[in-house]
Amino acid sequence: MSVADFLQRFEEFLGRNGWPADLSPWAIVEQWESLVDQAITGYHWGFYEFTNELGVRDLLGKAFGDERLCGFEQINSIRQRVTVADDRLKGAFLAGVEIGDPDKPWWRRGVLATAGDEYADDVKRLYGIELGR
């Protein structure tokens, strides 16, 4: 199967999931890596913005389970990059602290250890958790 076939299937996948079909799979991965970089260096937006931006990781999780994409080698290289970013994000979360529904994915239950004032204030107000700033 060719790269062109993969890109076509990925475009269809994006459309089925309500995302702009003109995004490349690598642009989606770069969005995730960029969010992880921001989380590590101190996310400067609020908790609600962060949870909204986690939608890119939700999308990648769906892609990894999509039977129309799983037959392509490209999905494996994307998965490798995402795994590296995931491991980095896990290190940016407060150890042993989880919030929300236990049925949600791990990236939706973590709390950033270091963040800007807005995120820190939101987490304190919503969950009573004090963060380093």
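Here's what I pulled together on the structure shown here. (Residues numbered from 1 in each chain as written. Predicted model: local features only at pLDDT ≥ 70, side-chain atom pairs only at ≥ 80, totals over all residues. Heavy atoms only, no water.)

**Thoughts on the packing of helix H2 (residues 25–41) against helix H4 (residues 55–65)**
Two elements in contact, H2 and H4, have axes separated by 9 Å at closest approach and are oriented at 135°. By the angle class used here, H2 and H4 are oblique. As H2 packs across H4, the resulting crossing turns out to be left-handed. Touching Ile28, Val29, Gln31 and Trp32 of H2 are Val56, Arg57, Leu59 and Leu60, all from H4. Across the contact of H2 with H4, the residue classes break down as 6 nonpolar, 1 polar and 1 charged. (Axes fitted to C-alpha atoms, helices over the stretch in contact; angles between N-to-C directions. Helix = DSSP H or I, 4+ residues; strand = E, 2+ residues; numbered from the N terminus. Parallel < 35°, antiparallel > 145°, perpendicular 65-115°, else oblique. Left-handed = near helix turned anticlockwise from the far one by under 90°. Contact = heavy atoms within 4.5 Å. Nonpolar A, V, L, I, M, F, W, Y, C, P; charged D, E, K, R; others polar.)

**A few points about the nonpolar core**
Core analysis: the largest hydrophobic core is formed by 38 residues, its most contacted members being Trp32, Phe50, Leu89, Leu112 and Tyr119. Breaking this core down by element, the ones donating at least two residues are helix H1 (3–16), H2, helix H3 (47–53), H4, helix H5 (73–92) and helix H7 (117–127). Every residue in contact with Leu112, bar those within four places of it in the chain, is listed here: Ala39, Tyr43, Phe50, Leu89, Ala92, Phe93, Leu94, Tyr119 and Leu131. (Core = buried A, V, L, I, M, F, W, Y, C linked by side-chain atoms within 4.5 Å. Buried < 20%, exposed > 50% of the residue type's maximum accessible area, 1.4 Å probe, protein only.)

**Describing the packing of aromatic side chains**
Taken as a whole and judged by the stated rule, the model has 12 aromatic pairs. For the pair Tyr43 and Tyr119, a centre-to-centre distance of 6.3 Å together with 75° between the ring planes defines the contact as edge-to-face. Here the residue Tyr43 occupies a position in the loop between H2 and H3, and Tyr119 occupies one in helix H7, the gap between them amounting to 76 residues. Tyr43 gets classed as buried once you look at its relative accessible area, which sits at 0%. On the accessibility criterion, Tyr119 (0% relative accessible area) is buried. Among the aromatic residues, those joined into a cluster by ring pairs are Tyr43, Phe47, Tyr48, Phe50, Tyr119 and Tyr127. The ring of Trp107 has Arg57 lying over it, and the distance from NZ or CZ to the ring centre is 4.0 Å. Residue placement shows Lys90 over the ring face of Trp106; its charged tip is 4.9 Å from the ring centre. (Phe/Tyr/Trp six-rings, centres within 6.5 Å; stacked < 30°, edge-to-face > 60°. Lys NZ or Arg CZ within 6 Å of the ring centre and 35° of its normal.)

**Notes on the pattern of salt bridges**
For the structure shown, the criterion picks out 8 salt bridges. Arg88 serves as the salt-bridge partner of Asp37, at 2.8 Å between the closest nitrogen and oxygen. Of the two residues, Asp37 is situated in helix H2 and Arg88 in helix H5; the sequence distance between them amounts to 51 residues. Judged by relative accessible area, Arg88 falls into the partly exposed class, the value being 36%. (Salt bridge = Lys/Arg side-chain N within 4 Å of Asp/Glu carboxyl O.)

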